[in-house]
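# A closer look at the structure
Below, each chain spelled out in residue letters.
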Amino acid sequence: MGRKLLLEHINVPGINTFDVYRSKGGYAAVEKALKTMSPDEVVEEVKKSGLRGRGGAGFPTGMKWSFLAKPEGVPRYLVCNADESEPGTFKDRYLMTYIPHLLIEGMIVSSFALGANTSYIYVRGEMMPQIRILEKAIAEAKAKGFLGKNILGSGYDLELYVQPGGGAYICGEETALLESLEGKRGNPRIKPPFPAIAGLYGRPTVVNNVESIAAVVPIVNEGGDEYAKLGIGRSTGTKLISAGGNLKKPGVYEIDLGLPVEEFLYSDEYCGGIANGKRLKAVVAGGSSVPILPANLILKTINNEPRLMSYESLADGGFITGTMMGSGGFIAYDEDACIVRNTWNFARFYHHESCGQCSPCREGTGWMEKVLHRLEHGHGKMSDMDLLVDVSKKIEGNTICPLGDAAAWPVASAIRHFRDEFEWHVTNGAEATTRNYGLAHYADPLPKLETAG
Amino acid sequence: MKVTIDGIPVEVEPGTTILNAARQIGGDIVPPAMCYYSKLEGSGGKCRTCLVKVSKGSEKDPRPMPKLVASCRTTVMDGMEVQNITSPEVVEARKGVVEMLLLNHPLDCPVCDQAGECHLQDLGFEHGAAKTRYEFDRRTFEKIDIGDKIQLHMTRCILCYRCVFTADQITNTRLHGILNRGDHSEISTYITKAVDNDFSGNIIDVCPVGALTDKTFRFKNRVWFTKPVDAHRDCDKCCGKVTLWYKGEDVIRVTGRKDVYGEVEEFICNTCRFDKKKTADWVIEGPRKISHKSVISSNHYEFTPLPVVKTNPVLMEANKEQFERDTRL
């Protein structure tokens, strides 16, 4: 059983209140950082920990922090990205609902490290209960002197604000989030300049995911080196995985990075296998925007090594046979799931959420959605698959923000791995509306890899 | 700073964008731009037609950039090497972007006032496929009159945001903007409100397609049947330097003076644009030079019948009426 760093006390009754959280050792990181460490030392610890951004891209947090421009006399900002809206991902909501003080504590320590005196938590508009929970938690922390002026007598001031968003997926993109926070239309900005140079109100800004900020707490408590001992290779520490789909025990799990996917899926400690005695067909390993993989490829890499839950192992094989860690939205599909319908569903989501700023994404997502809709409802053509791949290629990499890539990858990968199912939808149009294609060979053992030369 | 675009070196000021460096060279290597407008701050980066490949980042850091970049918003570095039309990857990507731009465009050029001076038309001619692969209904909108002089036909809009920037930067107040998201997004005044401003007419000039049209000119004539003439007048609001578009003796349209990239040299006020439509109002400077590639210049300035027609008396006789009409124009 892996160590829990974030969710250790999640089952303690009343952990969402300040007093219980404090009695379980909460806010020790604030005391330690503000009383015994300098901001640079905190940044150094985070760098040593090897913590990678938990929001999807996996960019090292410490490095991101060290890029922050620090001109004299100009305020800096820390913004927490709690605009979690990726289909399949619900770890941040879980964390904010049940243990909000962990996020507050992380925000205080991180803001201290970055020298920010005003910090924002940008919460997705649909998460109204979480917004109230966070505001209550902030009020509690403020009453106890952990926020506001001169925190714990250290001379450090911090004001923390919760900002509800309008509920747009695109506002989870960091520059769109900043635009939205400034009160404008949530369109991603054209980079450069990066937020570390000119972010919120043109000031240097760091935008971090909820989980990344929460992970700073154990890093400060135990030291970066201790944290780096967990995990595997360059994927250090623990990660919250929100497991969903046709699983026996869906939910949010904290795992040590490097846990084999097979163990995560089938062991009773985690997901407990596929529900209703069905067999696994496919997995989306990191939220809807990462490539989907059939059962055989998610359990083993193409080299027949067991695939692990880590940034590197999941990406093993590139886009041909690999996927990505993403934001940790682990969705499992059993043999009854229809991949075409699922792909259409994702495409519909990206079509709906595209901001409409740059043309390939604005027009391309809608096009893919319409073609997939046609395929799913049995009116497709054999040429549609090539068309979809071509359209996804035209979008990928040609857009301002990564939403274009996120829309293109699931479609391209579904066709790459499940082409026969798409073709069956074309050849058996009427039947495809009444029943699913089934498991086919997707769970068969991988064929032996032929090594070239 | 030295930058090489498609093998042609050019010296530019620091802070210049790749697109502007290419414009200093000129010619075929200039990436097309649908949304970038050099007179509007913050414009560009959206349409993605100006994508180029940076094959060498700079002298200091010679690594190529991993993705194609929008040349209108990427500043040059010393020693940068850029590939535009010499890179098949760029040409392919641009073709894709043009296809995307045309997906929901009605292609109603035969009835569109912009035809003949439309950037999307040029771009489609250059990069577009003869047939579309899109088999679904295109999005359509009702035409809206925003103000008594400007009509908005959202169906044709490619959402370049130029008119939004114009209203922000040239006029006192912006009364229109982008509503909704994705491919449902539209330019609108929200609750239909007139865009009423001394400089509002400029949003017609900056529109790269026929989404915003001059109501005083709508359906009056095709642009290639009109003659552009430079003229000026003393105006207390603007520079007063315009192009008059003549049909016979009448001024049927007044616009700003557009350069080879379709950008106006100076913005003009609504009085000049909409109200002064008599030759007597203006001091004529002379014919406006239009690129010989443009359809506008194809019809009247010079008329050269095909050689075979000139030498064959039978064909001469058969085309007599045509010759007379063309030489009269």
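### What about the overall build of chain A?
Looking only at helices and strands, chain A features 20 helices and 13 strands. In terms of overall size, chain A behaves like a compact globule, its C-alpha atoms giving a radius of gyration of 22 Å where 453 residues would be expected to give roughly 22 Å. By its C-alpha atoms, chain A is 70 × 50 × 45 Å across when sized along the principal axes. Expressed as a percentage of its 453 residues, the buried residues of chain A come to 61%. Long-range contacts, defined here as pairs at least 24 residues apart, represent 70% of the contacts in chain A between residues at least 6 apart. For chain A, the distance from the average position of its 48 positive side-chain charges to the average position of its 53 negative side-chain charges is 2 Å.

### Here we look at the interface of chain A and chain B
As a measure of interface size, the accessible area lost when the parts come together is often cited. Contacts between the two partners involve 33 residues from chain A and, on the opposite side, 33 residues from chain B. Of the roughly 2,900 Å² buried between chain A and chain B on both sides combined, carbon and sulfur atoms contribute 50%. For the interface between chain A and chain B, the tally reads seven salt bridges. Between Lys394(A) and Glu99(B) there is a salt bridge, with its nearest N and O atoms 3.9 Å apart. Counting across the chain A and chain B interface gives 19 residue pairs in polar contact (both at pLDDT 80 or more). Listing elements by their share of the side of chain A that touches chain B, those giving two or more residues are helix 15 (339-353), helix 16 (359-376) and helix 17 (384-395) of chain A. Among the elements that make up the side of chain A that touches chain B, the one with the highest residue count is helix 16 of chain A (ten residues). Looking at the side of chain A that touches chain B residue by residue, the classes come out as eleven nonpolar, twelve polar and ten charged.

### Digging into the sheet that holds strand 13 (residues 250-256) of chain B
All names here are of chain B. If you trace the four strands from one edge of the open sheet to the other, you get 13-12-11-14, paired in antiparallel fashion. What marks the edges here is a single partner per strand, and that holds for strand 13 and strand 14 (283-287). Pairwise comparison of adjacent strand axes, ignoring direction, gives a mean angle of 35° for this sheet. Alignment of strand 11 (residues 227-232) against strand 14, held across four bridges, turns out to be antiparallel.

### Quick notes on helix 1 (residues 18-25) of chain B
Residues and elements named next belong to chain B. Those residues of helix 1 that sit buried are Ile18, Leu19, Ala21, Ala22 and Arg23. As for helix 1, its buried residues are in contact with strand 1 (2-5), strand 2 (8-11), strand 3 (51-56), strand 4 (69-70) and strand 5 (80-83). Two residues or fewer after helix 1 comes Gly26, characterised by a positive phi angle close to 80°.

### So, the packing of helix 15 of chain A against helix 18 (residues 403-417) of chain A
Residue and element names in this part refer to chain A. The geometry of helix 15 relative to helix 18 is characterised by a closest axis approach of 10 Å and an angle of 170° between their N-to-C directions. It follows from the interaxial angle that helix 15 and helix 18 lie roughly antiparallel. The element helix 15 and its partner helix 18 pack so that their crossing is left-handed. Judged by residue contacts, Ile339, Thr343, Phe346, Ala347, Tyr350 and Glu353 of helix 15 engage Leu403, Ala406, Ala407, Pro410, Val411 and Ala414 from helix 18. Looking at the contact of helix 15 with helix 18 residue by residue, the classes come out as ten nonpolar, one polar and one charged.

### Description of the sheet that holds strand 3 (residues 159-164) of chain A
Whenever strands of a sheet pair, they do so through backbone hydrogen bonds, lying parallel or antiparallel. Residues and elements named next belong to chain A. The parallel open sheet is built from four strands, whose spatial order is 3-2-1-4. Unpaired on one side and paired on the other, strand 3 and strand 4 (205-209) mark the two borders of the sheet. Between one strand and the next, the sheet's axes are offset by a mean angle of 20°, whatever the strand orientation. Note that strand 1 (residues 77-82) and strand 2 (residues 118-123) share six bridges and pair parallel. Its bridge partner lying in strand 2, Tyr77 is registered against Thr118.

### Side note on the domain arrangement of chain A
Residues and elements named next belong to chain A. Parsing chain A into structural domains produces domain 1 (18-229), domain 2 (238-334) and domain 3 (339-432). Taking the mean C-alpha position of each, domain 1 and domain 2 sit 28 Å from one another. Each partner contributes to the roughly 1,400 Å² buried at the junction of domain 1 and domain 2, and carbon and sulfur atoms together form 53% of this total. Three residues stand out in domain 1 for area buried against domain 2, namely Arg54, Phe90 and Lys91, and they jointly supply 31% of the buried area on that side. In this structure, the connection of domain 1 to domain 2 is made through two salt bridges. A salt bridge links Glu312 to Arg52, with the nearest nitrogen and oxygen atoms 2.8 Å apart.

### A word on the packing of aromatic side chains
Applying the stated criterion to the full structure yields 25 aromatic pairs over all chains. In this structure an aromatic cluster arises from ring pairing among Phe18(A), Tyr21(A), Tyr27(A) and Phe146(A). Above the ring of Tyr261(B), the side-chain terminus of Arg23(B) is found at 4.0 Å from the ring centroid. Looking at Arg253(B), its charged tip hangs above the ring of Phe217(B), at a distance of 4.6 Å from the centre.

### Quick word on empty space enclosed by the protein
Residues and elements named next belong to chain B. All chains considered together, the criterion is met by six cavities of 30 Å³ or more. What lines the largest cavity is Leu152, Cys157, Ile158, Leu159, Cys160, Cys163, Ile187, Cys207, Pro208, Val209, Ala211 and Leu212. Taken together, the residues of the lining of the largest cavity break down into twelve nonpolar, no polar and no charged.

### Description of helix 2 (residues 88-103) of chain B
One turn of the α-helix equals 3.6 residues, which is why residues spaced by three or four share an orientation. The end-to-end C-alpha distance of helix 2 of chain B is 23 Å, a good match for the 22 Å that 16 residues give at a rise of 1.5 Å each. If you check which residues of helix 2 of chain B are buried, you get Val90(B), Ala93(B), Arg94(B), Gly96(B), Val97(B), Val98(B), Glu99(B), Met100(B), Leu101(B), Leu102(B) and Leu103(B). Tucked into the core, helix 2 of chain B has its buried residues touching helix 16 and helix 17 of chain A together with strand 3, strand 5 and helix 3 (119-127) of chain B.

### Notes on the pairing of strand 3 of chain B
All names here are of chain B. As defined by bridge partners, strand 3 adjoins strand 4 across two bridges and the pair is classed as antiparallel. Across the sheet, residue Val52 finds its bridge partner in strand 4, namely Val69. Sheet analysis places strand 3 next to strand 5, joined by three bridges and oriented antiparallel. When the sheet's bridge partners are listed, Lys56 is paired in strand 5 with Glu81.

### Comments concerning the pairing of strand 12 (residues 241-247) of chain B
Residues and elements named next belong to chain B. The buried fraction of strand 12 is high, at five of seven residues. The sheet contact formed by strand 11 and strand 12 spans six bridges and is antiparallel. Residue Val229 lies in a different strand from strand 12, and its bridge partner there is Leu244. The sheet contact formed by strand 12 and strand 13 spans six bridges and is antiparallel. Note on strand 13: the bridge partner recorded for Leu244 is Val254. Between strand 12 and strand 13, which pair antiparallel in sequence order, lie two residues; one of them, Gly248, sits at a positive phi of approximately 60°.

Calculation notes
- Residues numbered from 1 in each chain as written.
- Chains lettered and ligands numbered in written order.
- Predicted model: local features only at pLDDT ≥ 70, side-chain atom pairs only at ≥ 80, totals over all residues.
- Heavy atoms only, no water.
- Helix = DSSP H or I, 4+ residues; strand = E, 2+ residues; numbered from the N terminus.
- Rg over C-alpha atoms; globule rule 2.2 N^0.38 Å.
- Buried < 20%, exposed > 50% of the residue type's maximum accessible area, 1.4 Å probe, protein only.
- Contact = heavy atoms within 4.5 Å.
- Lys, Arg positive; Asp, Glu negative; His and termini not counted.
- Charge placed at Lys NZ, Arg CZ, Asp CG, Glu CD.
- Buried area = accessible area lost by both parts, 1.4 Å probe.
- Salt bridge = Lys/Arg side-chain N within 4 Å of Asp/Glu carboxyl O.
- Polar contact = N/O pair within 3.5 Å; in protein donor to acceptor, adjacent residues only side chain to side chain.
- Nonpolar A, V, L, I, M, F, W, Y, C, P; charged D, E, K, R; others polar.
- Pairing = 2+ DSSP bridges.
- Axes fitted to C-alpha atoms, helices over the stretch in contact; angles between N-to-C directions.
- Parallel < 35°, antiparallel > 145°, perpendicular 65-115°, else oblique.
- Left-handed = near helix turned anticlockwise from the far one by under 90°.
- Domains from an automatic or database assignment.
- Phe/Tyr/Trp six-rings, centres within 6.5 Å; stacked < 30°, edge-to-face > 60°.
- Lys NZ or Arg CZ within 6 Å of the ring centre and 35° of its normal.
- 1 Å grid on protein atoms, 1.4 Å probe; cavity = no way out; pocket = protein on both sides within 12 Å on 5 of 7 lines; lining within 4 Å.
- Points joined across faces, edges and corners; volume = space filled by probe spheres on them.
- Expected span 1.5 Å × (residues − 1).

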